[in-house]
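# Survey of secondary and tertiary structure
These are the residues of each chain, in order.
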Amino acid sequence: MNLPAEFEEKMRRLLGNEMDAYLACYNEPRYYGLRVNTSKISAEEFRRICPFEITPIPWIENGFYYDGETVSPAKHPYYFAGLYYLQEPSAMTPASRLPIRPGDRVLDLCAAPGGKATELGARLKGEGLLAANDISSSRAKGLLKNIEVFGIGNVLVLSEEPGRLTQYFPEYFDKILIDAPCSGEGMFRKEHKMVKAWEEHGPEYFCNIQKSIILQAAQMLRPGGMLLYSTCTFDARENEQIISLLREQIPQFHILEIEPYEGFAFGMPQVLAHPDDEIKKTVRIFPHKMKGEGHYLALLKKGGAQGSSQDETCPARDASSRRSVKLPEALAEFFQEVSWEIDGRRLDIRGERVYYMPSSLPDVRGIRFLRTGLLLGGLKKNRFEPSQALAMCLRKSEYARCIDLTAEDARVFRYLKGETLDVEDMVHIKEKGWRLVCVDGFPLGWGKLSGGVLKNKYLPGWRLNG
């Protein structure tokens, strides 16, 4: 692989006698990874049922390598059930190193396509709020789909410039993750097209964007909150120098230790105009030291002494103070089959659409968003039609009427393609109505039963082609 001479010269200065080992890694195959959705299944249980060979990623609790040259996990029904997300191993690191507690208010500021947001949301366990933002509305649509596939309902999906968000969320979030847009030097081996992109827009272009983003994010973090900044590049202007700038302009930010792994390299104080030994607490990931691509991480706390905020009390997580909404008759009738307790104060009915809002949410009128809360479904002519998002949030045990197919059953793929199914052999009670279609006990979507035939209600935009 031909690397730009300017890039090679910079890396030689950065790595010294490790440069040959770094260059040699370009002759090695890339690594493929998947991250288990622990809100649906434990890593241990998934390993037991996984139909293809996987091996643990040692620094990621719920991460596994797979052979991307011989298997296609994105074509397996478990992928459509939201049991895992396909993600490059090093890219799993930022979300794994930001301490999340159920009940936290969490912002993923540059969230598309959703690899980090889905992990943050899974670790909230349905409590608190995940705000996932991407400035591109087209990318934000893909982000929303990935969040819904993962079954995350306590969500606010936004498509705004970070600067506008500061007006709505001043010192609001407990945790913020910034996986900043960058020059992508750490992805050269995985995606060769990144080399051409680097030649068109290098570190100098991106570092100005990163400075703006991190300073805006700092305004949205509560005192005592934690911010994790990451990039997939090696350039000091996009990494250590951004963290140094933040600390110079907002001195109450302290750098925290990141949970270690033997392959992590220290941040480099020598790349700063005024060396700061605290920068050593940040982490560099190099592909010649670990089985993954390149990354940089810095974990910071706003205000107070250095250390973890896990023993501190989060701001109150009171239920919405809005008046309680009476469940429409059709909705109440449907939820007789669901083992959830619906809080009327969290219902939001907009036209035909019914949403279940997070327990605590500020006024977001005037902001561009794709979703607030969980879309439960639609009210149409005195009937309720449940949404795909609701199906993905449910567990099989939480809905009274399910059709559970095995992954080997050809009807699974026919369902994912949108076809009508003959399920007479599986239905003991032939009463007409909604059925939650599952694969090996994990929901995929809805169908409507009539006799022994299941009319397909899998969301058209999600269906398999061919």
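Presented here is a report on the structure given in the accompanying data block.

About the criteria used
Residues numbered from 1 in each chain as written. Predicted model: local features only at pLDDT ≥ 70, side-chain atom pairs only at ≥ 80, totals over all residues. Heavy atoms only, no water. Helix = DSSP H or I, 4+ residues; strand = E, 2+ residues; numbered from the N terminus. Rg over C-alpha atoms; globule rule 2.2 N^0.38 Å. Buried < 20%, exposed > 50% of the residue type's maximum accessible area, 1.4 Å probe, protein only. Contact = heavy atoms within 4.5 Å. Areas by Shrake-Rupley, 256 points an atom, 1.4 Å probe, with all protein chains shown as cover. Lys, Arg positive; Asp, Glu negative; His and termini not counted. Charge placed at Lys NZ, Arg CZ, Asp CG, Glu CD. Pairing = 2+ DSSP bridges. Axes fitted to C-alpha atoms, helices over the stretch in contact; angles between N-to-C directions. Phe/Tyr/Trp six-rings, centres within 6.5 Å; stacked < 30°, edge-to-face > 60°. Lys NZ or Arg CZ within 6 Å of the ring centre and 35° of its normal. Salt bridge = Lys/Arg side-chain N within 4 Å of Asp/Glu carboxyl O. Polar contact = N/O pair within 3.5 Å; in protein donor to acceptor, adjacent residues only side chain to side chain. Core = buried A, V, L, I, M, F, W, Y, C linked by side-chain atoms within 4.5 Å. Expected span 1.5 Å × (residues − 1). Arc of directions from axis to C-beta.

The subject of this paragraph is the overall build of the protein. Counting its regular elements, the protein contains 14 helices and 23 strands. Against the compact-globule benchmark of 23 Å for 466 residues, the protein has a radius of gyration of 23 Å, which places it among compact chains. Overall, the protein is about 70 × 50 × 40 Å in size when its C-alpha atoms are taken along their principal axes. Looking at the protein as a whole, 57% of its 466 residues are labelled buried. Within the protein, contacts between residues at least 6 apart in sequence are counted, and of these 70% link residues at least 24 apart. Per element, the accessible surface of the protein, about 20,300 Å² overall, is 48% carbon and sulfur. Taking the average location of the 62 positive side-chain charges in the protein and that of its 62 negative ones, the two points are 6 Å from each other.

This paragraph deals with the sheet that holds strand β14 (residues 347-350). What links the strands of a sheet is backbone hydrogen bonding, and the strands pair in either a parallel or an antiparallel sense. Spatially, the four strands line up as an open sheet ordered β14-β15-β17-β18, and their pairing is antiparallel. The open sheet has two edge strands with one neighbour each: β14 and β18 (383-386). For this sheet the average axis-to-axis angle between neighbouring strands, irrespective of direction, equals 25°. One ladder, built from four bridges, connects β14 with strand β15 (residues 353-356); its direction is antiparallel. Residue pairing for β15: Ile 349 is matched across the bridge by Val 354.

Turning to the packing of aromatic side chains, a few remarks are in order. Inspection of the entire model under this criterion finds 30 aromatic pairs. With a centroid separation of 5.8 Å and 70° between ring planes, the pair formed by Tyr 261 and Phe 264 is classed as edge-to-face. Given a relative accessible area of 14%, Phe 264 falls into the buried group. Measuring from ring centre to ring centre gives 5.6 Å for Phe 334 and Phe 335, while their planes differ by 75°; the resulting arrangement is edge-to-face. Per residue, the accessibility class of Phe 334 equals that of Phe 335, and both read buried. An aromatic cluster is built from Tyr 32, Phe 46, Phe 52, Tyr 66, Tyr 79, Phe 80 and Tyr 84, whose rings are joined through pairwise contacts. Sitting above the plane of the Tyr 32 ring, Arg 30 keeps its charged end 4.2 Å from the centroid. The cationic tip of Arg 350 hangs over the ring face of Tyr 355; the distance from NZ or CZ to the ring centre is 4.0 Å.

Reading across the sheet, the four strands line up as β2-β3-β1-β4 and stay open at both edges, with antiparallel pairing between neighbours. Whereas interior strands pair on both sides, the edge strands pair on one side only; in this sheet they are β2 (55-56) and β4 (84-86). Strand direction decides the pairing type here: β2 and strand β3 (residues 63-66), joined by two bridges, are antiparallel. Directly across from Thr 55, in β3, lies its bridge partner Tyr 65. Sheet strands in contact with helix α6 (residues 115-124) are β1 (32-36) and β4, and its direction is about 25° off that of β1.

Our focus in this paragraph is the pattern of salt bridges. Summed over the entire model, instances satisfying the criterion amount to 32 salt bridges. With its nearest N and O atoms 3.0 Å apart, the salt bridge here joins Asp 404 to Lys 396. Asp 404 sits in the partly exposed class, given a relative accessible area of 24%. Assessed through its relative accessible area of 35%, Lys 396 is described here as partly exposed.

Right, let's talk about the environment of Ser 96 for a bit. Mapped onto the elements, Ser 96 comes out in helix α5 (residues 93-96). Along the backbone, Ser 96 and Ile 60 are 36 residues apart, and their C-alpha atoms lie at a distance of 6.9 Å. The residues contacting Ser 96, other than those within four sequence positions of it, are Ile 60 and Arg 123. In this structure the side chain of Ser 96 is engaged in a polar contact, spanning 3.0 Å, whose partner is the side chain of Arg 97.

Another point: the environment of Lys 430. Structurally, Lys 430 can be placed in the loop between β20 (421-422) and β21 (433-439). Taking the relative accessible area as the measure of exposure, Lys 430 reaches 39% and is therefore partly exposed. Once the C-alpha coordinates of Lys 430 and Pro 56 are considered, the two residues, 374 residues apart in sequence, prove to be 44 Å apart. With residues up to four places along the chain from it excluded, the contact list for Lys 430 reads Glu 424, Leu 449 and Gly 451.

Core analysis: the biggest nonpolar cluster contains 39 residues, and Phe 169, Ile 178 and Leu 227 have the highest contact counts within it. Counting residues per element, this core draws most heavily on helix α10 (residues 203-220), at seven residues. With residues near it in sequence (within four places) discarded, Ile 178 still touches Leu 109, Cys 110, Ile 213, Ile 214, Ala 217, Leu 227, Leu 228, Tyr 229 and Ser 230.

Further remarks concern α10. Compared with the 26 Å implied by 1.5 Å per residue over 18 residues, the 26 Å span of α10 between its first and last C-alpha is a close match. What α10 keeps buried is the set Pro 203, Phe 206, Cys 207, Gln 210, Ile 213, Ile 214, Leu 215, Gln 216, Ala 217, Ala 218 and Met 220.

Helical geometry: 3.6 residues make up each α-helical turn, so side chains three or four residues apart lie on a common side. For helix α9 (residues 193-200), the complete set of buried residues consists of Met 194, Val 195 and Trp 198. For α9, the angular spread of buried residues about the axis comes to 105°, placing them on one side. The outward face of α9, more than 90 degrees from its buried face, is lined by the exposed residues Lys 193, Lys 196, Glu 199 and Glu 200. The inward-facing, buried residues of α9 abut α1 (5-15) and α10.

The element strand β6 (residues 129-133) is largely enclosed, with a buried count of five among its five residues. Side chains of β6 alternate between two faces, with Leu 129, Ala 131 and Asn 133 and Leu 130 and Ala 132 buried alike. Bridging between strand β5 (residues 105-108) and β6 involves four bridges; their strand directions are parallel. Residue pairing in the sheet places Val 106 in a bridge with Leu 130 of β6.

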